[in-house]
Amino acid sequence: MKARLILEDGTLFTGTSFGSDRQTAGEVVFNTGITGYQEVLSDPSYCGQIVTMTQPLIGNYGINHEDFEATRPWIHGFVVRRYETAPSNWRAEYDLGTMLKEYDIPGVSDIDTRMLTRCLRNHGTLRGLITTGNASVEELLEQLRATSSPHDQVSRVSTPRSYRIPGTKQRIVVIDYGSKAGIIRELGQRGCDVVVVPHTASAADIGRFNPDGVLLSNGPGDPKDVPEAVETVRGLIGQTPLFGICLGHQLFALASGADTVKLKFGHRGANHPVKDLSTNRCLITSQNHSYSVLEDSLAQTDLIVTHINNNDGSVEGLKHGSAPAFSVQFHPEAAPGPTDSNLLFDQFLDMVDTFKAKRASYVSSIAKAKAAGFENGSLHTPERLRTAAGAAANRHPQRKETEQAASPVEKRLAPSAY
C-alpha cells in the first residue's frame, strides 16, 4: 500500500506503508544511530514525534520483549529507507511491522531518508503528516496546519502512581517524566531501593519516602510545559542529592534560574561527542533531545558547566556550586558502544553517601548537645533544646525502614526491567 509523508513546508515523500495504515501527524525528527531502533521506538522522550532513521536498513534483527525502554512505544510514526520483513537474530520474537501494527503506529519505507534528513538539517525541525489516503497535497497541508502541537507529553508517559523496586542500599526516588527502563535498571544493579513517583509529585510528597537521593528522569517535550516540575525541583535543591538526566537536566537548570532554548534540529543518536571539562576527555554518548540549556543564562545562577558538546558547543552538563546536585543532557544508562558515561551513576551514589554522612554527623551533634545541655558553650533550657532538635529533625529527616513509609508504593515494571 502506498503511503505519503508531507512536511509543513510542502515537501512530499512517497513510499510504502507498513505497520498501521492510520493517518497521523507529529514533529519529524531524525536519529543517526546505526543500531538500537527498538530502544528508539520505545523511548518515551519521542512521544508525539515522527522518527526517521538515517541508517538505511532497519528491522534486520527484529523485536524482542527484553529491549523495551517502556511498557509501550510512544512515537507517532516511523520512517525508514528499507524495512526488513524477515529479521535474522536468535533473540528476535517478531518483526518490526508486527510491533507497529500492534500499537497502531504507521510506518513508511522506501523513501529517500537522506534527502529528508538534509531537509530537516537545513530548515530545522518540521511538522509532518503520514497518510495512506488519496487527499490532495493542498488538503493534507490544510489538515496538518489545523493540527495543534501537543504540550502534554509528560503527563501522557509518566507513571500514574508510585511503585517500588526493592533494594538493600540507598533509597533513590526517581521522578518519572518519561523515564527509560535503563535508568531504573542501572540503579537496581547497584543495589538501590528505587521508588518511582509520578511527574506531579511535590517536594513534600517525595520527602515522605525519606529518600537518600532523587533522580530527575528524561522525558519528552519542552521543559517549560511542566512548570509544576520546576517548582518541585526548586524545592529539592539543597535538601537532598539530585541527579538530572536529559529533561531532568533542563528542569534542574530552570529551577536554578537558567533558561532553555529549542535547538534547530536537536541531538538524536548514539555517537555524540561530549567533552568532560574536569578531565578533558571526550565521551561518546547517546542523546535524544530538542531543547538545550542556554549558556548565557547561567551567569546569574549558582550553576557551573561540566560538559559541552564537541559538535556545536552546547551545554551538556551542569553542577550546583554549593548544593549536592548535578545533571547531564545525554543518557549515561545507554551503551552505544563504549560505556563512557556510565560511571555518573556511581558518582551520584558517592555524592549521596557523602551527604548522608554529613547529615548524620550534624544530627549526632544536636543529640549530644541535647544530652549535655550545651551547644557552642551555652547552656540551653529544655524547651530551647526541644525546639533545636525538632528543627534539625525537620531539616534532615531520618530514613525509616518501615513498611508504612512504602505503603503507597506499587511494583509495576516495564518489560525490560524484569
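Scroll up a little and you will see the structure.
Summary of the structure given here. Note that the structure is a prediction, hence the values are computed from the model and not measured.

Now for the overall build of the protein. Per the secondary structure count, the protein includes 11 helices and 21 strands. Look at the contacts in the protein between residues 6 or more apart in sequence, and 74% of them connect residues 24 or more apart. As displayed, the protein offers around 18,300 Å² of accessible surface, 49% of which is attributable to carbon and sulfur atoms.

Turning our attention to helix H9 (residues 247-255). Burial within H9 is extensive, with 9 of its 9 residues counted as buried. Along H9, the positions that sit buried rather than exposed are Leu-247, Gly-248, His-249, Gln-250, Leu-251, Phe-252, Ala-253, Leu-254 and Ala-255. Phi turns positive, to about 100 degrees, at Gly-257, one or two residues after H9.

A few words now on the sheet that holds strand S14 (residues 242-245). If you trace the 10 strands from one edge of the open sheet to the other, you get S10-S12-S11-S13-S14-S19-S18-S17-S15-S16, paired in mixed fashion. At either margin of the open sheet sits one strand with a lone partner, and together these are strand S10 (163-165) and strand S16 (281-293). Going from strand to strand, the sheet's axes swing by 25 degrees on average, the running direction of each strand aside. Relative to S16, strand S15 (residues 260-276) runs antiparallel, the two being bridged by 11 bridges. When the bridges of S16 are listed, Arg-268 appears paired with Asn-288.

Bringing the side chain of His-76 into the picture now. Within the fold, His-76 resides in the loop between strand S5 (57-58) and strand S6 (77-79). A polar contact is formed between the side chain of His-76 and the backbone oxygen of Ala-25, at a distance of 3.0 Å. Non-local contacts of His-76, meaning those with residues more than four positions away in its chain, are made with Arg-22, Thr-24, Ala-25, Gly-48, Gln-49, Ile-50, Ile-105, Pro-106 and Arg-156.

Once that is clear, we can look at helix H4 (residues 137-146). Looking only at H4, the buried set comprises Leu-140, Leu-141 and Leu-144. Relative to the axis of H4, the buried residues are bounded by an arc of 100 degrees and lie together on one face. Of the exposed residues in H4, those oriented more than 90 degrees away from the buried face are Glu-138, Glu-142 and Ala-146. Close packing links the buried residues of H4 with strand S1 (2-7), strand S3 (24-31) and strand S9 (126-131).

Even without glycine at this site, Asn-210 takes up a positive phi of about 50 degrees. Along the chain, Asn-210 turns up in the loop between helix H7 (203-207) and strand S13 (213-216). Despite not being glycine, Cys-246 shows a phi value in the positive range, around 60 degrees. The topology assignment puts Cys-246 in the loop between S14 and H9.

Successive side chains on a regular strand alternate, one facing one side of the sheet and the next facing the other. Two successive antiparallel strands, S15 and S16, enclose a turn made up of 4 residues, where Asn-280 displays a positive phi of approximately 65 degrees. The pairing of S15 with strand S17 (residues 303-309) spans 3 bridges and is antiparallel. Looking across to S17, one finds that Asp-276 is bridged to His-307.

Inspection of every chain in the model, using the stated rule, returns 16 salt bridges. Across the pair Arg-190 and Asp-346 runs a salt bridge, and its minimum N-O distance is 2.8 Å. One end of the pair, Arg-190, is in the loop between helix H6 (181-189) and strand S12 (193-198); the other, Asp-346, is in helix H10 (residues 344-372), and 156 residues separate them in sequence. For Asp-346, a relative accessible area of 29% puts it in the partly exposed group. Where Asp-259 meets Lys-224, a salt bridge forms, and the shortest distance between an N and an O atom there is 2.7 Å.

Let us now look at the packing of aromatic side chains. Tallied over the entire structure, the rule returns 6 aromatic pairs. One aromatic cluster is present, formed by Phe-243, Phe-326, Phe-345 and Phe-348 through successive ring pairs. The ring of Trp-74 carries Arg-72 above its face, with NZ or CZ at 4.7 Å from the centroid.

Thresholds, definitions, all that
- Residues numbered from 1 in each chain as written.
- Predicted model: local features only at pLDDT ≥ 70, side-chain atom pairs only at ≥ 80, totals over all residues.
- Heavy atoms only, no water.
- Helix = DSSP H or I, 4+ residues; strand = E, 2+ residues; numbered from the N terminus.
- Contact = heavy atoms within 4.5 Å.
- Areas by Shrake-Rupley, 256 points an atom, 1.4 Å probe, with all protein chains shown as cover.
- Buried < 20%, exposed > 50% of the residue type's maximum accessible area, 1.4 Å probe, protein only.
- Pairing = 2+ DSSP bridges.
- Axes fitted to C-alpha atoms, helices over the stretch in contact; angles between N-to-C directions.
- Polar contact = N/O pair within 3.5 Å; in protein donor to acceptor, adjacent residues only side chain to side chain.
- Arc of directions from axis to C-beta.
- Salt bridge = Lys/Arg side-chain N within 4 Å of Asp/Glu carboxyl O.
- Phe/Tyr/Trp six-rings, centres within 6.5 Å; stacked < 30°, edge-to-face > 60°.
- Lys NZ or Arg CZ within 6 Å of the ring centre and 35° of its normal.

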